[in-house]
Amino acid sequence: MNYILFDGPSRNKLLPFTYTRPVADIRVGIMTIREKWESYLECTTTTVTEDYLSEKFPMVEMENNVMINASFLPTQELVEMIKNLEENQAIFNDEDVIAFFAKESQEEIDFDTYEAFEYQENVVKIDNTWDIFSKNGLAIVNDFEILTKNRRSQPIPSTVNTIAAENIFIEEGAKLEFVTLNASSGPIYIGRDAEIMEGSIIRGPFALCTGSTVKLGAKIYGPTTVGPFSKVGGEVNNSVLFGYSNKGHDGFLGNSVLGEWCNLGADTNNSNLKNNYAEVRLWDYETERFAKTGLQFCGLMMGDHSKCGINTMFNTGTVVGVSSNIFGSGFPRNFVPSFSWGGSNGFTSYMTSKAFEVAKVVMARRDVEFTDQDADILTHVFEESKKYRRD
C-alpha cells in the first residue's frame, strides 16, 4: 500500500512553521511526525502539501493509496486500522478525517459515500503551534519506546549522576561526563554523536537528537526536545528546537518552539507567564488576530531562519515569522512578520537578497546547501507575508 501524508485543515494554524515544511515534517517528541508514521507503517511516505512546497516535498501516487492526516500522531491501534482500510472506507475522529482509501482514478472524494470508522482512543492531534510544546512530553515518551525497543543503551559513564537510570538511553558516539540526569519524571534520550558538556543538569522528559550539544552548565527542564545539530545553553524549560538551531548561551527559553536555522543571541530571554497570570493569547495566521491558547504558560514561536541579537527580550506569547532579524533594547511587538528587520523601535523589510546571503553562510557551516528550491520557498513566503509588514 502507498501511504501519503496530507496537511489537512490544521496547516494554517501551524504557521509560521508550515511556511517552510509540510505538517508531516514538524518535530514533536524525538522524531518528526513523518518519522513516527514511517516507523509504525514500516515504509516510506510522501506528502500532499502547498503547491510552492511540492517540488521539495513531492507526492508519489499509485493506483491504491491511503491518505493520512499528518496532524494526528500514530498509535499501534490506529495504524492497524489504517493498514486494514479498503476502498471507500475512512477513519474519523469526530468531524476530522484521520485517514481514507483513495484510488488514483478518483478526481473527488465524497465522504458521504464512504464507510466511516470512528477512532477516539489515545488520539493526539497537533492542531496549533502551542501543541508542539504542550504535547511534547507525551510524544517523547511514545518515541522513546519505539526507538529503544529491544535495544541496549550505551553504558552510562561513571562520572554521570543519574536518577532512574533505567529511563536513560544513550546512542553510539554520544559524549557526556560530569553531568546530572534525572529521568524519574520522564525518559532521557541522547542521540548519536550528541554531547552534554560538564556541569549540565537535565530533568526528563528530554531528547537530545543526533549531533546536538548541551553547553557547559546548562539547566534543562522537560519536556524539552533539542533537534538534530542544534546547541543549547543557559536555562531551557518545556521547549522544542526543530533542528540546526542555536540557543547556545545564558538566558531563558521556556514553553517555546524554534524552527530550523534559528539563532538566539547571548542573554536572550523570553517571558512565558503574564504578570497578571492571565491566559496567553497568540497570533493566529488563520484568523489574523490573537487567539486564546487556554494556557497560562506560553513563550516564543519562531519560524525558520529567524535570529535575534544579544540581550533580546521577548514578551509572553510572541510569534516571529520566517527569516526575521530582531535586535536592540526593549520588547518587540508580540507578532513579528516574516522578513522583518528591526526591534522595539520599528521594523523594515528584510530583503530576500540579504536574507539569502546569510542563509547560505549559515547552512554551509553545517555542510548543508542552500538550494534553488529553498530560495523559491522563501521567496514565496516573502510575498505571502508582505501584507503583515509595515514599511
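Residues numbered from 1 in each chain as written. Predicted model: local features only at pLDDT ≥ 70, side-chain atom pairs only at ≥ 80, totals over all residues. Heavy atoms only, no water.

Draft legend 1. Molecular detail of the sheet that holds strand 31 (residues 318–320). Pairing is parallel in the open sheet, where nine strands are placed in the order 8-11-14-17-20-23-28-31-33. Unpaired on one side and paired on the other, strand 8 (168–170) and strand 33 (335–336) mark the two borders of the sheet. Along the sheet face, helix 4 (residues 136–148) touches strand 8, strand 11 (188–190), strand 14 (206–208), strand 17 (224–226) and strand 20 (240–243) and points at about 60° away from the line of strand 17. (Pairing = 2+ DSSP bridges. Helix = DSSP H or I, 4+ residues; strand = E, 2+ residues; numbered from the N terminus. Contact = heavy atoms within 4.5 Å. Axes fitted to C-alpha atoms, helices over the stretch in contact; angles between N-to-C directions.)

Draft legend 2. Here's a closer look at the pattern of salt bridges. The tally for this structure, following the rule as stated, stands at 15 salt bridges. In this structure, the salt-bridge partner of D127 is K125, at a minimum N-O distance of 3.6 Å. Exposure remark for K125: the relative accessible area of 14% places this residue in the buried category. R151 is the partner of E171 in a salt bridge, and the nearest nitrogen-oxygen pair spans 2.7 Å. On the criterion of sequence distance, the pair formed by E171 in the loop between strand 8 and strand 9 (175–176) and R151 in the loop between helix 4 and strand 7 (161–163) is long-range, its members being 20 residues apart. (Salt bridge = Lys/Arg side-chain N within 4 Å of Asp/Glu carboxyl O. Buried < 20%, exposed > 50% of the residue type's maximum accessible area, 1.4 Å probe, protein only.)

Draft legend 3. Layout of the environment of G317. Among the structural elements, G317 can be located in the loop between strand 30 (313–314) and strand 31. Residue G317 is classed as buried on the basis of its relative accessible area of 0%. Taking the C-alpha atoms as reference, G317 lies 12 Å from P332; in sequence the two are 15 residues apart. If we ignore the near neighbours within four places in the chain, the residues touching G317 are S271, V280, R281, L282, C298, G299 and N334.

Draft legend 4. Looking closely at the pairing of strand 34 (residues 340–343). As paired strands, strand 32 (residues 325–326) and strand 34 are joined by two bridges and run parallel to one another. Residue pairing for strand 34: N325 is matched across the bridge by W341. Where strand 34 lies against strand 35 (residues 346–349), four bridges are found, and the strand directions are antiparallel. Its bridge partner lying in strand 35, G342 is registered against F347. Linking strand 34 back to strand 35 in an antiparallel pair, the connection comprises two residues.

Draft legend 5. Quick peek at the sheet that holds strand 3 (residues 64–69). Pairing within the open sheet is mixed, and its six strands lie in the order 2-1-3-5-4-6. Every interior strand has two partners, whereas the edge strands, strand 2 (46–48) and strand 6 (115–118), have only one. The mean angle between the axes of side-by-side strands here comes to 25°, regardless of whether they run parallel or antiparallel. In this sheet, strand 2 lies alongside strand 1 (residues 2–6) in parallel orientation, the contact comprising three bridges. Of the residues in strand 2, the one forming a bridge with I4 is T46. Here helix 1 (residues 33–41) sits on the sheet and contacts strand 1, strand 2 and strand 3; the angle it forms with strand 1, its principal contact strand, is near 160°. Lying over the sheet, helix 2 (residues 76–83) contacts strand 1, strand 3, strand 4 (89–93), strand 5 (96–103) and strand 6, oriented at roughly 155° with respect to strand 4.

Draft legend 6. Seen up close, helix 1. Considered for burial, the residues of helix 1 that qualify are I33, R34, K36, W37, Y40 and L41. Here the buried residues of helix 1 occupy an arc of 160° about the axis, which is enough to place them on one side. The inward-facing, buried residues of helix 1 abut strand 1, strand 2, strand 3, helix 2 and helix 4. Of the residues trailing helix 1, E42 is marked for its positive phi of about 60°. (Arc of directions from axis to C-beta.)

Draft legend 7. Inspection of the nonpolar core at higher detail. Counting 63 residues, the largest nonpolar core has W37, I68, I82 and I132 as the members making the most contacts within it. At five residues, the largest contribution of residues to this core is made by helix 6 (residues 372–384). Among all residues touching I132, those that are not within four sequence positions of it are F17, I26, R27, V28, I126, V240, F242 and V257. Among the nonpolar cores identified, the runner-up in size contains 34 residues, and I188, V232, L253 and V320 belong to it. (Core = buried A, V, L, I, M, F, W, Y, C linked by side-chain atoms within 4.5 Å.)

Draft legend 8. Spatial organisation of the packing of helix 1 against helix 2. Look at helix 1 against helix 2: their axes get within 10 Å of each other, and the N-to-C directions meet at 70°. Here helix 1 lies roughly perpendicular to helix 2, going by the angle between them. Once helix 1 is placed against helix 2, the crossing between them reads as right-handed. Together, W37, Y40 and L41 of helix 1 and Q76, L78, V79, I82 and K83 of helix 2 make up the contact between the two elements. (Parallel < 35°, antiparallel > 145°, perpendicular 65-115°, else oblique. Left-handed = near helix turned anticlockwise from the far one by under 90°.)

Draft legend 9. Main features of helix 2. Among the residues of helix 2, L78, V79 and I82 are the ones counted as buried. Down the axis of helix 2, the buried side of the element spans an arc of 100°, and every buried residue falls inside it. Along its buried surface, helix 2 packs onto strand 1, helix 1, strand 3, strand 4 and strand 5.

Draft legend 10. Representation of the packing of aromatic side chains within the structure. Taken as a whole and assessed by the stated rule, the structure comprises 20 aromatic pairs. When the ring of F111 is compared with that of Y114, the centres are 5.4 Å apart and the planes differ by 70°; the resulting orientation is edge-to-face. F111 sits in the partly exposed class, given a relative accessible area of 29%. With a centroid separation of 5.5 Å and an interplanar angle of 70°, the aromatic rings of F327 and W341 are classed as edge-to-face. (Phe/Tyr/Trp six-rings, centres within 6.5 Å; stacked < 30°, edge-to-face > 60°.)

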